[in-house]
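Coordinate inspection notes
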Amino acid sequence: MTILYSTRVSATGGSQGRIRSEDGVLDLDFAVPTELGGPGGATNSVQLLAGGYAACFEDSLLRVALQLGHRFSAGDLTVVAEIGLSCTEPEIFIMHASLSVTIAGVDQTTADTLVAKADAICPYTYAFRGNIDIVKTVTTW
């Protein structure tokens, strides 16, 4: 297997600290969300995971769409990822994920096919498979 891309990000201070990529492009303060008893006011690891998942899934969707002869402009696709945390026992947290995908200009069957094919190649979905339940909603307009 050939590694196509790799990056390094360091964290200091945990969920109330800072993250910084090796190249300095990513440099953010972290804060625990108010919903989890923290001060809020800065991004958190769950938000970054949701953003990365949404972007990666959309890239996968664009790739399979192109392979199947569909071309979409920037406004034709919307992918919203939601990552949630729950706690079943003290100190045991579980992640939940949902994807809402909206595609313009195709029928529902085509949209469902595109999402299923994107799901098969998305690296985030692959990493989550068997670990995090993902609920997907696909709509067209």
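Keep in mind that this is a model prediction, so the values were computed, not measured. (Residues numbered from 1 in each chain as written. Predicted model: local features only at pLDDT ≥ 70, side-chain atom pairs only at ≥ 80, totals over all residues. Heavy atoms only, no water.)

1. Describing the overall build of the chain
Each helix and strand in the chain was counted, giving three helices and six strands. Dimensions of the chain along its principal axes, counting C-alpha atoms only, are 45 × 35 × 30 Å. Here the contacts in the chain between residues at least 6 apart in sequence split such that 48% fall between residues at least 24 apart. For the chain, the computed accessible surface area is about 9,100 Å², with 55% contributed by carbon and sulfur atoms. Counting 8 positive and 15 negative side-chain charges, the chain places the averaged centre of each group 10 Å from the other. (Helix = DSSP H or I, 4+ residues; strand = E, 2+ residues; numbered from the N terminus. Contact = heavy atoms within 4.5 Å. Areas by Shrake-Rupley, 256 points an atom, 1.4 Å probe, with all protein chains shown as cover. Lys, Arg positive; Asp, Glu negative; His and termini not counted. Charge placed at Lys NZ, Arg CZ, Asp CG, Glu CD.)

2. Concerning the domain arrangement of the chain
If you check the domain split of the chain, you get domain 1 (1-43) and domain 2 (45-140). Summed over both partners, the interface of domain 1 with domain 2 buries about 380 Å², with 69% contributed by carbon and sulfur atoms. Of all residues in domain 1, the largest losses of buried area upon contact with domain 2 belong to Phe30, Leu36 and Thr43, amounting jointly to 78% of the total for that side. Across the contact surface, domain 1 and domain 2 share zero salt bridges. (Domains from an automatic or database assignment. Buried area = accessible area lost by both parts, 1.4 Å probe. Salt bridge = Lys/Arg side-chain N within 4 Å of Asp/Glu carboxyl O.)

3. Topic: the side chain of Thr125
Tracing the chain through its elements places Thr125 in helix α3 (residues 123-128). In contact with Thr125, not counting residues within four places along its chain, are Tyr53, Phe57, Asp119 and Ile134.

4. Details of the packing of aromatic side chains
Evaluated as defined, the whole model comprises four aromatic pairs. Note on Tyr53 and Phe57: the rings are 6.4 Å apart at their centroids and 85° apart in plane angle, and the pair reads as edge-to-face. Taken as a pair, Tyr53 and Phe57 lie in helix α1 (residues 45-67) at a separation of four residues, close to a single helical turn. Side by side, Tyr53 and Phe57 carry an identical accessibility label, which is buried. Here the aromatic residues Tyr53, Phe57, Tyr124 and Phe128 are joined through ring pairs into a cluster of three or more. (Phe/Tyr/Trp six-rings, centres within 6.5 Å; stacked < 30°, edge-to-face > 60°. Buried < 20%, exposed > 50% of the residue type's maximum accessible area, 1.4 Å probe, protein only.)

5. What to know about the side chain of Ser21
Structurally, the position occupied by Ser21 is in strand β2 (residues 18-21). Only 3.2 Å separates the side chain of Ser21 from the backbone nitrogen of Val25, close enough to count as a polar contact. Sequence-distant contacts of Ser21, that is, excluding residues within four places in its chain, are made with Arg8, Val9 and Leu26. (Polar contact = N/O pair within 3.5 Å; in protein donor to acceptor, adjacent residues only side chain to side chain.)

6. Observations concerning the nonpolar core
Core analysis: the biggest nonpolar cluster contains 28 residues, and Tyr53, Phe57, Leu61, Ile83 and Ile103 have the highest contact counts within it. Not counting residues up to four positions away in its chain, the partners in contact with Phe57 are Val79, Leu99, Val101, Val115, Ala118, Asp119, Cys122 and Thr125. (Core = buried A, V, L, I, M, F, W, Y, C linked by side-chain atoms within 4.5 Å.)

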